[in-house]
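# Structural description and commentary
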Amino acid sequence: MTDAPPVLEMHAITKRFPGTLACDRIDLDVRPGEVLALLGENGAGKSTLMNILYGLLAPDAGEIRIDGEPATIRDPADAIRRGIGMVHQHFMLVPVLTVAENVILGQETVLGPGVLDLHEAERRIRTLAEQLGFEIDPRTRVDQLSVGQQQRVEILKALYRGARILVLDEPTAVLTPQETQEIFGVLRRLQAEGTSIIFISHKLDEVLAIADRITVIRRGRVVGTRTPAETNEEELAELMVGREVSLVVDRGASHPGEPVLRITGLHVSDDRGNEMVRGIDLEVRAGEILGIAGVAGNGQDELVEALVGLRRPTAGTVELSGRDVTGKSPREMRLRDVAFVPADRQRFGLVLSYPIRDNLVLTDYFEPPFARGPLRNEKAVDERARELVAEFDIRTPSVMTHASALSGGNQQKVVVARECSGDTSLLVLDQPTRGVDVGSVEFIHKQVIAKRDASTAVLLVSAELDEVLELSDRIAVIFRGRLVATFDADEAEREKIGLLMARGEAAAREMSEGVAVGRPS
Amino acid sequence: MSGPTERPGLRDELRAQAGGADELAGVDPVADSETRDTTAAAPARTGPNIGERLGRAWRASAVPILSIVLALAIGAVIILLSPLATGKPIQWDLPVKAYLALLEGAFGTPAQWADETKRFNAISNTLIQSAPLMFGGLAVGLAFKAGLFNIGVAGQFLVGAFAAAMAGATFGSLDTNVAVPLSLAIGGLAGAAYGFIPGFLKARTGAHEVVVTIMLNSIAVVLLTWIVNDLVRAEGFSFPRTADINNAHLPILFGRNLHAGVLLAFAAVFVVRWLLDRTTLGFEIRTVGANPNAARYAGIRPVFIITLTMTLAGLLGGLAGSIQMLGVIGYYAPGITANVGFDSITVALLGRSSPLGIMFAALLFGVLRAGQALMQIRTNNQVPIEVIDVIQALIILFLAADIIVRRVFRLRAAKGALEGEVRTVTASWGEQVAR
């Protein structure tokens, strides 16, 4: 870290929304070549602050200085001119255009008025990419790139416009652990070249790994700034949440009972007909948690969808308490007490335009007491909603508040509350804490353990290896549509599982042969 | 830094609910000393009071109402300038004259009000004009709720009208109490069948309902023209038409011509409202419209709901045609199309797809349609009835480009006027329905 004067200072930034003070006199400064992490729970005000910096929102009060000069940033064009670049969590790319076309969009290199010089643009982008060590062909269409590569296109886009201050909004939320490591490498290279980086996150380990300084925001206020050397995960979590958070799940021994779910020889294809699950056998017993570890995209989604009736397997059987339920509809699976927390809560788990009340009965709205024949019973729905809001600590002004108004963590609590209440024989969890703040993660984990202790069979799929390790009684590793290994929780080693996730059978074979294996290349 | 000050009632209540849990982190920071007076949302336990309800109603209807105001204002300018086209001087009182005549046409002139037998004639006419638009508006609005854009009311209207007229002609000799319900049912079912086709095709094959319904509109026009010209033309008339419906005329409830179909239209508004708000089927329709993926996840079958909703929309469109036949015209003749089909889309958009909104929008359009003739007459043909079409078009323009309305009237980002509808119109192109 340098002691050079800050390139960016934000002073006493205040922004009020109706009923909310999103930013309350926030002070912030970034020095040249520094990675500043902005840490805070969902809804703490991080994104609002960055949108102010990028000219998407106007602050009610406060001052922004760039290179010591007061700067008024009216719109993103202003921000770009002043060397501020932003990589949004949801990429702003046009899928059907090439990398080069996306990068130059809005700043086209032209031969003459209205005539695009794509060759020159491609040349310049190729040079830029080489400097950064990106292996990206500017002529590839963006929809053919992986998520990690698309993110690099976003970074290219910002740098192409001359960004000296790069803001990354939760850049790792969509990445695999490997891609996360790679992007960290990229950030370090940028940093070495003098680019300042603001890294927004709520993941403690990542922030500690990459940042030079960490500024923690809670409920619109800066509650502290630390360097990684002088702090640890526990302290950061406490600053962020405002109370002590237990990062380790308190989990007693499991008492497994009869098998509830038995899958034999299951094959499932995705929408395009690619076989994603290629012969899986597994068993989950009542009162145990089976965790499936794996890098995203190895067939987890298809496996889970086949289990809950959203996707028809191409071969194999699914048995529930001894009954063949292969290919049954979602409704039929629900009626057999199968509950499901989907990976994408906004796409599947919630209707964002509905009040929380209706979301809390989304899957059993048709059953008594929520319906009497063809008529809905709103009173019963209200009552249930109030119970669940209290029981699951969903922080909302009212049960009539729309789900879209809640923070990510509270949205997920709505889904978890709905799926974890009532009788459940099988609970399927797909990425149950993705994009959820630490406080809510702790709460959701406790609910899952409670479910297990109430003799529910739990199948947990997660791309967060730590989550699988912490919660599971048994752990299976999925690689390219097959389970390549299964461990009991007490004999599972982090390193070994990481290798299996990355390399599948090859790693398994090497291990059994006793060959010393290095880091996956 | 000072801790946030609590908003007493709400905070305590939430705290109680949360079992004395610690502070309210997760939510967007709700309360602060400076903001505690703002009501972010209705508290959980106490129902909204009248003031809040009115406020909410205004927020929901501000953009549509102001769109109408703006369209009428621009309409006034057009009226003012219209004499220039024929080389006449501007008359400053012409817009006032025209709009007054429009109102008299819709609600009755002083002379009519003085005569007891004619007192309600104008209002009857307005209601008669509104009724098919109510049915048609519901046909579009209901489909919007399921995320479908039903442009096919024109076709459903014609098919329903023809079927009702044929049924009337066939069963016209029976008792009215039998002939009318039978003809209405047949007209409605024919429309339902015509709505089923695009619904089924959308659900099964992903064929976009907009394309299919536009095609079906043309098919209906041409097919029915041929059928009436060549197959079922009634003897003894100078133009192709179906036979008289005799006893299948809808009973006249009041005055000269206020037929029972008007009552049915109002009833339909409340039936659809009840369906959407109070039944599980309505919940399923709205869920499919709001998030088809979540609907499937929740065990709802979008394929079934989409087909059913389009069928119900077709039923409503068919009934719009049926009451025109059985209540107003009395026979089917090619070229009766009227504009009901497309005006229905405007009505649904203006009513923001809510049944009550559609009812008011249809009444407004009834006023415009019933009053336009007198407007033209009173202004000695200087203001042609086509001005009303211009005003209608302006209303749609302002609804779609609601930012104009908000700028003009300094409205704070009210929830977008047509968010859901516009999404429906633009988003689903080429998408396969989730199975």
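Conventions used here
- Residues numbered from 1 in each chain as written.
- Chains lettered and ligands numbered in written order.
- Predicted model: local features only at pLDDT ≥ 70, side-chain atom pairs only at ≥ 80, totals over all residues.
- Helix = DSSP H or I, 4+ residues; strand = E, 2+ residues; numbered from the N terminus.
- Rg over C-alpha atoms; globule rule 2.2 N^0.38 Å.
- Contact = placed C-beta atoms within 7 Å.
- Domains from an automatic or database assignment.
- Nonpolar A, V, L, I, M, F, W, Y, C, P; charged D, E, K, R; others polar.
- Pairing = 2+ DSSP bridges.
- Axes fitted to C-alpha atoms, helices over the stretch in contact; angles between N-to-C directions.
- Expected span 1.5 Å × (residues − 1).
- Bend = angle between axes of the 7 residues up to and from the residue.
- Buried ≥ 20, exposed ≤ 12 C-beta atoms within 10 Å, placed from the backbone.

## Brief notes about the overall build of chain A
Regarding its fold elements, chain A presents 18 helices and 24 strands. Computed over C-alpha atoms, the radius of gyration of chain A comes to 25 Å, within 12% of the 24 Å expected from 2.2 N^0.38 for 521 residues, which places it in the range of a compact globule. Along the three orthogonal principal directions, the C-alpha set of chain A runs to about 70 × 60 × 50 Å. Residue pairs at least 24 apart in sequence account for 67% of intrachain contacts in chain A once pairs closer than 6 positions are excluded.

## Overview of the domain arrangement of chain A
All names here are of chain A. Here chain A is partitioned into domain 1 (8–241) and domain 2 (259–344 + 422–512). With centres defined by C-alpha atoms, the gap from domain 1 to domain 2 works out at 34 Å. Opposite the 10 residues of domain 1 that make contact, domain 2 presents 9 residues. Put simply, the parts of the chain that give the side of domain 1 that touches domain 2 at least two residues each are helix H6 (177–192) and helix H8 (233–241). No other element matches H8, which puts 3 residues into the side of domain 1 that touches domain 2. In the side of domain 1 that touches domain 2, the residues fall into 5 nonpolar, 4 polar and 1 charged.

## Here's the deal with the sheet that holds strand S15 (residues 289–293) of chain A
All names here are of chain A. With respect to topology, 6 strands assemble into an open sheet ordered S18-S21-S22-S15-S23-S24, the strand pairing being mixed. Looking at which strands have only one partner, the edges of the open sheet turn out to be strand S18 (338–341) and strand S24 (482–488). Along the sheet, successive strands turn relative to each other by an average axial angle of 15 degrees, direction set aside. Across the sheet, helix H15 (residues 438–453) is in contact with S15, strand S21 (426–430) and strand S22 (457–462); its angle to S22 comes to roughly 150 degrees.

## Some points on unusual backbone geometry
It is generally the case that most residues other than glycine have a negative phi and that most peptide bonds are trans. Residue and element names in this part refer to chain A. Residues Pro368 and Pro369 are joined by a peptide bond in cis, for which omega reads 0 degrees. Here Pro369 is to be found in the loop between helix H12 (356–359) and strand S19 (371–372). Even without a glycine there, the phi angle at Ala12 is positive, about 50 degrees. Positive phi values are uncommon outside glycine, yet Ser455 reaches one of about 70 degrees. With respect to the element layout, Ser455 can be found in the loop between H15 and S22.

## A few points about helix H14 (residues 355–378) of chain B
Residues and elements named next belong to chain B. Here H14 spans 35 Å end to end across 24 residues, near enough to the 34 Å set by a 1.5 Å rise per residue. Along H14, the sharpest kink reaches roughly 40 degrees, centred on Gly371. In terms of residue burial, H14 counts as a mostly covered element, since 20 of its 24 residues are buried. Looking one or two residues past H14, Asn380 carries a phi angle of roughly 50 degrees, positive in sign.

## Some remarks on the environment of Thr280(B)
Assignment of secondary structure puts Thr280(B) in helix H10 (residues 280–290). Judged by the 19 C-beta atoms lying within 10 Å of it, Thr280(B) falls in the partly exposed class. With residues near it in sequence (within four places) discarded, Thr280(B) still touches Tyr365(A), Phe366(A), Ala371(A), Pro374(A) and Arg376(A).

## Notes on the pairing of S15(A)
Successive side chains on a regular strand alternate, one facing one side of the sheet and the next facing the other. All names here are of chain A. Among the 5 residues that make up S15, 5 are buried, leaving the element largely enclosed by the rest of the structure. On S15, burial covers both faces: Ile289, Gly291 and Ala293 on one face and Leu290 and Ile292 on the other are all buried. Where S15 and S22 come together, 5 bridges link them in parallel fashion. The residue of S22 that forms the bridge with Gly291 is Leu460. Where S15 and strand S23 (residues 474–479) come together, 4 bridges link them in parallel fashion. Across the sheet, residue Ile292 finds its bridge partner in S23, namely Ala476.

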